[in-house]
Structures are given as structure tokens and as C-alpha cells.
Amino acid sequence: QVQLAESGGGLVQTGGSLTLSCAFSGRSVDSYSLAWFRQAPGKGREFVAVIPWTTSVATYSDFAKGRFTIARNNAENTASLRLSSLNPEDTAVYYCTMYSLGPADSAKDWRYWGQGTQVTVSA
């Protein structure tokens, strides 16, 4: 059974940084794309970034470019998302996910999800 567990969320001031981590178990991640999504209160799940298994070339949403960095460590079966220059609009629950059956930015096409970690950015 595949399990994902996010950690590293918290409360941070505007302009601050956080590093989120995701630990995978039950299956090796080295053959799967990995991604992060986020969900703010009252909104749908929003694509943040994806890193494919074939290369280390990541793709980011427009709001994440230049501020967020996704990474993966296949040997340790982990992924991370470095958040910087945070602002209150980044407040959301952040989710890691693996194994997409469709477009990377489509939440419904990702098969395995963690429980999420809360990021709150104060003004």
C-alpha cells in the first residue's frame, strides 16, 4: 500500500521561507513523477510543481516560478518543496502526490496523495 506523509508546514511571516518534505512508503518513487498541489480555504486543489522521473527538469505554475523549488531524492524515497518569498496568498494546505494518469496540472489524474501540511503566512 502506497503512503505519503507531508511535513514541514507552519506559520511564517510575509517574506519568509519554509521547506516542506514528503516521505513515500510502499513503493519506490524512482519510476514516477512527483508533484505538489495546494488548496486554500474555499478553493479547489491547485497545481504547484511537478518533477518527472525521467529527468530532474521541473515544471512550475506561474505563481511558483522563481519562488518555489521542487526536488526529489529517489534513494531516500522523498520529495521536497522549498517555499520562499511567501505572502498571505500562499496560505493553504500543501499536498504531495505521485503517479499521474493525465496532465500534470490536473489534480483528479493523480493517484496517491498525502494528508497535507498547513502553511500559514501572516501579513
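Residues numbered from 1 in each chain as written. Predicted model: local features only at pLDDT ≥ 70, side-chain atom pairs only at ≥ 80, totals over all residues. Heavy atoms only, no water.

**Quick look at the overall build of the protein chain**
Basically, it comes down to this: The helix and strand labels rest on DSSP assignments: H or I over at least four residues marks a helix, E over at least two residues marks a strand, and numbering proceeds from the N terminus. The quantity called the radius of gyration is restricted to C-alpha atoms. Its globule counterpart is 2.2 Å times the number of residues to the power 0.38. Buried, partly exposed and exposed residues are distinguished by accessible area as a fraction of the type maximum, computed with a 1.4 Å probe on protein chains only: under 20%, between the cut-offs, and over 50%, respectively. Contact definition: two residues touch when any of their heavy atoms are within 4.5 Å. Using the Shrake-Rupley algorithm and a 1.4 Å probe, accessible areas are obtained, with residue cover drawn only from the displayed protein chains. Counted charges follow a simple rule, with Lys and Arg positive, Asp and Glu negative, and His plus the chain ends left uncounted. Throughout, a charge is located at the NZ atom of Lys, the CZ atom of Arg, the CG atom of Asp or the CD atom of Glu.
Tallying secondary structure elements over the protein chain gives zero helices and 11 strands in all. From first element to last, N terminus to C terminus, the protein chain shows the α and β order β-β-β-β-β-β-β-β-β-β-β. Its C-alpha radius of gyration of 13 Å places the protein chain within 12% of the 14 Å reference for a compact globule of 123 residues. In terms of overall dimensions, the protein chain has a C-alpha envelope of 40 × 25 × 25 Å along the principal axes. Counting all 123 residues of the protein chain, 42% fall into the buried class. Of all intrachain contacts in the protein chain linking residues separated by at least 6 positions in sequence, the fraction that spans at least 24 positions is 57%. Carbon and sulfur atoms form 49% of the exposed surface of the protein chain, whose accessible area is close to 6200 Å². Side chains of the protein chain carry 10 positive and 9 negative charges; the gap between the two charge centres is 2 Å.

**A short note on the side chain of Arg 72**
Quick reminder of the rule: Whenever a nitrogen or oxygen atom comes within 3.5 Å of another N or O atom, the pair is scored as a polar contact, on the condition that within protein one atom can donate a hydrogen and the other can accept it, and that pairs from neighbouring residues in sequence are kept only if both atoms are in side chains.
Mapped onto the elements of the fold, Arg 72 is located in strand β7 (residues 68–73). Polar contacts involving the side chain of Arg 72 include one to the main-chain carbonyl oxygen of Val 29, which spans 2.6 Å. Polar contacts involving the side chain of Arg 72 include one to the main-chain carbonyl oxygen of Tyr 32, which spans 2.9 Å. When residues no more than four places from it in sequence are discounted, the contact partners of Arg 72 are Val 29, Asp 30, Tyr 32, Ser 33, Leu 34, Ile 51, Pro 52, Trp 53, Thr 78 and Ala 79.

**Some details on unusual backbone geometry**
Backbone geometry at Ser 85 places phi at a positive 50°, although glycine is not the residue there. Here Ser 85 shows up in the loop between β8 (78–83) and β9 (92–100). For Tyr 99, which is not a glycine, the phi torsion comes out positive at approximately 70°.

**Brief notes about the pattern of salt bridges**
Going by this rule: The salt bridge definition used is simple: a Lys or Arg side-chain nitrogen within 4 Å of an Asp or Glu carboxyl oxygen.
Counted under the stated rule, the structure contains five salt bridges. Glu 46 is paired through a salt bridge with Arg 38; the nearest N and O atoms lie 2.9 Å apart. What makes Arg 38 buried here is its relative accessible area of 7%. For Lys 108, the salt bridge identified is with Asp 109, shortest N-O distance 3.5 Å. Note on Asp 109: relative accessible area 16%, which makes it buried.

**Comments concerning the environment of Thr 19**
By secondary structure assignment, the location of Thr 19 is in strand β3 (residues 18–25). Sequence separation between Thr 19 and Trp 36 is 17 residues, and the spatial gap between their C-alpha atoms is 12 Å. Residue contacts for Thr 19: discarding those within four places in its chain leaves Ser 7, Gly 8, Ser 80, Leu 81 and Arg 82. Polar side-chain contacts of Thr 19 include one of 2.9 Å to the side chain of Arg 82.

Fair warning: the whole summary comes from geometry, so function is off the table for now.
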